[in-house]
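Fold and contact review
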Amino acid sequence: MAKGVMIVAEQRDGALRKVSFEVASAARKLADQLGDEVSAILLGSGVEGIAGELGKYGVDKVYVCDDAAFEPYTTDAYAQAITKVVKEKDPAILLLGASVLGKDLSSRLVGSLATGLASDCTDIKIEDGKMVAVRPMYAGKCYGEIVVSGSPQMASLRPNVFAAAENAKAGAVEKVDAALDASKLKTKVLEVQKDESGKVDLTEANIIVSGGRGMKGPEGYGILEELASVLGGTVGASRAAVDAGWRPVTDQVGQTGKTVSPNLYIACGISGALQHMAGMSSSKYIVAINKDSEAPIFTKADYGVVDDLFAVVPELTKECKKLLG
Amino acid sequence: MNIVALVKQVPDTEAQIRVKPDGSGIDDSGIKWVMNPYDEFGVEEALKLKEKAGGDVTIVSVGPARCVEAIRTALAMGADKGIHIDDPTLNNADAYTTANALAAAIKGIPYDVIFCGQRAIDDDSGQVGSILAELLDLPQLTIITKLDIEGTTAKAVKPIEGAQLLIESSLPCVITAQKGLNEPRYASLPGVMKAKKKPLEVKDAAALGITADAKAQVAKTTAPPSRPPGKIIDGADAAEKAAQVAKLLREEAKVI
Ligand SMILES: Cc1cc2nc3c(=O)[nH]c(=O)nc-3n(C[C@H](O)[C@H](O)[C@H](O)COP(=O)(O)OP(=O)(O)OC[C@H]3O[C@@H](n4cnc5c(N)ncnc54)[C@H](O)[C@@H]3O)c2cc1C
């Protein structure tokens, strides 16, 4: 019978991604409730050395699949190898991070394992021995509790929502042979263009300073960049700002942009359209700066400032500098 | 080139979503239905490919009778024909069942490229394209913002956290569209008129030889967690308000 909780760990350039520790910690909680073990699959080239780190976050055993074909990530190679390991080890629950690559991989595994997946979950628990996964639907206008009848019960977890909690376990490493069938590898990564700006992706940022049409133009974002740099945050945007060409499309937060869950989201000159709030309402704290006291963004804001953002933001930067300095 | 584009009909992004009192789903009365915005990017890319390489575009959709409107919209944009999979056992089906139905329909037609939206904005699950690719044993290029198809090779740009990948795949393959890929065209009036005469086939589960086999169920639907009411910050001027916010973020929220 299927048993235990397995996670797929994500690494890039030989370093485990933060979301993997979040997923490991969530898996540990489920396994403790079930009285089971947590295992992890780690794929890559020359990654054996980092496998043990997963033990710190509650993983009992790490299956390492080392092969040059796993660097960089391709759906074909990863799905083929993971499907094989999952079928052999037969875990009851399989968890991944809902990062961009995690979304690609987890949904492919649904097909190869012929099971069900609760994607981009914000909570997960055990009820009557079964996994119940909670996820926003309809852009967060309602939530669904998902039960998976296939095996393994799969869920992908939204980055930045689950706490990475240290809880040391053995983290014993076992090498497994991927025995890849190269004739099935039909895609190839030609190039990896790294963003050298060092900007933390919006989906992984702890603090986001976001600007909308109220920024008046691309130059307006200078004051947001300054505030973000003092707070160690990342700058985001509304669709109005992206469509106007003021910010790149990768900065868009909302229903047709990124879904973000930072600790702090500062919305400047953003009215709070439903489609925008769909992407940021799972932020832990929301600050709105808008000169229109009727703007819908104030219905979601923990702290609202009704004033001209061009006067408030530089002052806020100054005050934060003082407090943090 | 034989091009397939998948569309789903979803509530308009402005729609109010009301949860049924018994938590068994949402009350869909009074909802305005539209083509899933991500599918619009897929349809547009399919049409651009047809303009470049020739061939035709087949739209495939699973859903109840009302979905015909979404298919007709795609035909009005310029697609050539439609397949509507309509069966009561497939309403609100899970991703696996939906992909299985699509795979059965697509197996019966020639295809070189299959486009779909990277997710549908109703259940937001983002799985159907990849499951379909697996069921048809095809490679997948997901969440793509740029695409170039030459001969039997597709090259695509996929943004990931902190980087962009340039990925190459052989055809046939499944491509899921992300915002940024293109600007979808509007259906023109002559397009709308022409769409009415384009072939549209309706198939049920029996005709496709499939049965619904749900692997994941929404056991309960709930309203979103409510946020405690916020504070509007008082202060004589911007500086005073800013000082208060900074203090609250530091001392009350403890997030900076
Ligand atoms: C299918 C679809 C998908 C969409 N997806 C998204 C999405 O993913 N993300 C998204 O953001 N939107 C999305 N939208 C668009 C959305 O409906 C809104 O149009 C958009 O969010 C508005 O952006 P905004 O708040 O920046 O602009 P506006 O609504 O114009 O608001 C600007 C705000 O700035 C304030 N302001 C102006 N000047 C100042 C000043 N000096 N100081 C303080 N405040 C000032 C104004 O009071 C106003 O509230 C989508 C729409 C559709 C139809």
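Residues numbered from 1 in each chain as written. Chains lettered and ligands numbered in written order. Predicted model: local features only at pLDDT ≥ 70, side-chain atom pairs only at ≥ 80, totals over all residues. Heavy atoms only, no water.

**What to know about the overall build of chain A**
- When you go through chain A residue by residue, the secondary structure sums to 8 helices and 18 strands.
- Here the C-alpha radius of gyration of chain A, 21 Å, is about what a compact globule of 325 residues would show, namely 20 Å.
- Counting only C-alpha atoms, chain A reaches 60 × 45 × 35 Å along its principal axes.
- Pairs at least 24 apart in sequence give 64% of the contacts found in chain A among residues at least 6 apart.
- Put simply, chain A shows about 12,000 Å² of open surface, and 50% of that area lies on carbon and sulfur atoms.
- Where the 36 positive side-chain charges of chain A centre and where its 42 negative ones centre are 3 Å apart. (Helix = DSSP H or I, 4+ residues; strand = E, 2+ residues; numbered from the N terminus. Rg over C-alpha atoms; globule rule 2.2 N^0.38 Å. Contact = heavy atoms within 4.5 Å. Areas by Shrake-Rupley, 256 points an atom, 1.4 Å probe, with all protein chains shown as cover. Lys, Arg positive; Asp, Glu negative; His and termini not counted. Charge placed at Lys NZ, Arg CZ, Asp CG, Glu CD.)

**Remarks on the state of the cysteines**
Residues and elements named next belong to chain A.
- Summed over the entire model, instances satisfying the criterion amount to 0 disulfides over all chains.
- Between Cys268, a free cysteine, and Cys320, which holds the nearest cysteine sulfur, the sulfur-to-sulfur gap is 11 Å.
- Exposure remark for Cys320: the relative accessible area of 1% places this residue in the buried category. (Disulfide = S-S within 2.5 Å. Buried < 20%, exposed > 50% of the residue type's maximum accessible area, 1.4 Å probe, protein only.)

**What about the sheet that holds strand E7 (residues 117-121) of chain A?**
Residue and element names in this part refer to chain A.
- The parallel open sheet is built from 7 strands, whose spatial order is E7-E11-E6-E1-E4-E5-E12. The open sheet terminates on both sides in strands that have one partner only, identified here as E7 and strand E12 (172-175). Strand-to-strand, the axes of this sheet are offset by a mean angle of 20°, without reference to chain direction.
- Judged from the 4 bridges that link them, strand E5 (residues 61-66) and E12 form a sheet pairing that is parallel. In the sheet register, Val62 faces E12, and the bridge partner there is Val173.
- Across the sheet, helix H4 (residues 100-113) is in contact with strand E1 (5-9), strand E6 (93-97), E7 and strand E11 (153-157); its angle to E6 comes to roughly 155°. (Pairing = 2+ DSSP bridges. Axes fitted to C-alpha atoms, helices over the stretch in contact; angles between N-to-C directions.)

**Quick look at the nonpolar core**
- Formed by 96 residues in total, the largest nonpolar core has its most connected members in Ile59 and Ile85 of chain B.
- At 8 residues, helix H3 (residues 95-107) of chain B tops the list of elements feeding residues into this core.
- Counting 38 residues, the second largest nonpolar core, distinct from the first, contains Ile7, Ala51, Val64 and Ala155 of chain A. (Core = buried A, V, L, I, M, F, W, Y, C linked by side-chain atoms within 4.5 Å.)

**Some words on the sheet that holds strand E13 (residues 187-194) of chain A**
- Taken in spatial order, the 4 strands line up as E13(A)-E12(B)-E11(B)-E10(B) in an open sheet, and their pairing is antiparallel. The sheet is open, and its two edges are formed by E13 of chain A together with strand E10 (146-150) of chain B, each paired on a single side. The average undirected angle you get between the axes of adjacent strands in this sheet is 15°.
- As paired strands, E10 of chain B and strand E11 (residues 153-160) of chain B are joined by 5 bridges and run antiparallel to one another. When the sheet's bridge partners are listed, Asp148 of chain B is paired in E11 of chain B with Lys155 of chain B.

**Here's the deal with the packing of aromatic side chains**
- Scanning the model with the defined rule gives 5 aromatic pairs over all chains in all.
- Seen in terms of ring centroids, Phe70 of chain A and Tyr78 of chain A are 5.4 Å apart; in terms of plane orientation they differ by 80°. Their pairing is edge-to-face.
- On the accessibility criterion, Tyr78 of chain A (9% relative accessible area) is buried.
- Put simply, the rings of Phe70, Tyr73 and Tyr78 of chain A touch in pairs and so form one group of aromatic residues.
- Above the plane of the ring of Trp33 of chain B lies Arg66 of chain B, whose end atom (NZ or CZ) is 3.5 Å from the centre. (Phe/Tyr/Trp six-rings, centres within 6.5 Å; stacked < 30°, edge-to-face > 60°. Lys NZ or Arg CZ within 6 Å of the ring centre and 35° of its normal.)

**Remarks on the site of the ligand**
Residues and elements named next belong to chain A.
- Taken together, 27 residues lie near the ligand, and Arg213, Ser238, Gln252, Thr256 and Ser271 sit nearest.
- In the environment of the ligand, an oxygen atom lies 3.0 Å from a nitrogen or oxygen atom belonging to the backbone of Gly269.
- At 2.8 Å from an oxygen atom of the ligand is found a side-chain nitrogen or oxygen belonging to His276.
- The fraction of the free accessible surface of the ligand (1,000 Å²) that becomes covered by protein chains is 80%.
- The site holding the ligand turns out to be the second largest pocket.
- Looking at the shell around the ligand, the elements with two or more residues in it are helix H6 (239-243), helix H7 (274-280) and helix H8 (309-324). (Near = heavy atom within 4 Å. Polar contact = N/O pair within 3.5 Å; in protein donor to acceptor, adjacent residues only side chain to side chain. 1 Å grid on protein atoms, 1.4 Å probe; cavity = no way out; pocket = protein on both sides within 12 Å on 5 of 7 lines; lining within 4 Å. Sits in = over half its atoms within 2 Å of the grid points.)

**Details of empty space enclosed by the protein**
- By the definition in use, this model includes 3 cavities of 30 Å³ or more.
- Taken as a whole, the second largest cavity encloses approximately 70 Å³ of empty space.
- Forming the walls of the second largest cavity are Tyr73, Thr74, Thr75, Asp104, Thr187 and Val189 of chain A together with Gln140, Leu141, Thr142, Lys158, Leu165 and Ile167 of chain B.
- For the lining of the second largest cavity, the elements supplying multiple residues, two or more each, are E13 of chain A together with strand E9 (140-144) and strand E12 (163-170) of chain B.
- When grouped by side-chain class, the residues that make up the lining of the second largest cavity number 5 nonpolar, 5 polar and 2 charged. (Points joined across faces, edges and corners; volume = space filled by probe spheres on them. Nonpolar A, V, L, I, M, F, W, Y, C, P; charged D, E, K, R; others polar.)

**Remarks on the interface of chain A and chain B**
- Between chain A and chain B, the contact holds 87 residues from the first and 78 residues from the second.
- For the pair chain A and chain B, the summed buried area comes to about 7,200 Å², and 57% of that belongs to carbon and sulfur atoms.
- Counting across the chain A and chain B interface gives 48 residue pairs in polar contact (both at pLDDT 80 or more).
- With 9 residues, H4 of chain A is the single largest residue contributor to the side of chain A that touches chain B.
- Classifying every residue of the side of chain A that touches chain B by side-chain character gives 36 nonpolar, 27 polar and 24 charged. (Buried area = accessible area lost by both parts, 1.4 Å probe.)

**Comments concerning the pairing of strand E6 (residues 56-62) of chain B**
All names here are of chain B.
- For E6, a buried count of 6 out of 7 residues is recorded, marking the element as mostly surrounded by other parts of the structure.
- Looking at chain direction, strand E1 (residues 2-6) and E6 are connected through 5 bridges and run parallel. Note on E6: the bridge partner recorded for Ala5 is Ile59.
- Crossover E6 to strand E7 (residues 81-85) through helix H2 (residues 68-77) is right-handed. (Right-handed = clockwise from strand over helix to strand, strands pointing away.)

**Re the pattern of salt bridges**
- Tallied over the entire structure, the rule returns 42 salt bridges over all chains.
- The residue Lys179 of chain B makes a salt bridge to Asp243 of chain A at a minimum N-O spacing of 3.1 Å. Residue Lys179 of chain B is located in the loop between strand E13 (173-177) and helix H5 (189-195), and its partner Asp243 of chain A is located in helix H6; the two belong to separate chains.
- With a relative accessible area of 11%, Lys179 of chain B lands in the buried category.
- Via salt bridges that share partners, Lys199, Glu225, Arg247 and Asp251 of chain A belong to a single interconnected network. (Salt bridge = Lys/Arg side-chain N within 4 Å of Asp/Glu carboxyl O.)

**As for the pairing of E13 of chain B**
Residue and element names in this part refer to chain B.
- Taken across its 5 residues, E13 has 5 buried, putting it largely inside the fold.
- By the alternation rule, side chains of E13 split into Cys173, Ile175 and Ala177 and Val174 and Thr176, which are all buried.
- Bridge count for strand E8 (residues 113-117) against E13 is 5 bridges, and the pairing is parallel. In the sheet register, Phe115 faces E13, and the bridge partner there is Ile175.

**Digging into the confidence of the model for chain B**
- Looking at chain B as a whole, the pLDDT averages 97, with 100% of positions reaching at least 70.
- Here the predicted complex scores 0.97 on pTM and 0.96 on ipTM. (pLDDT = per-residue confidence, 0-100.)

**Some remarks on the side chain of Thr83 of chain A**
- By the element assignment, Thr83 of chain A lies in helix H3 (residues 75-89).
- In contact with Thr83 of chain A, other than residues within four places in its own chain, are Leu109, Ser112 and Leu113 of chain A.

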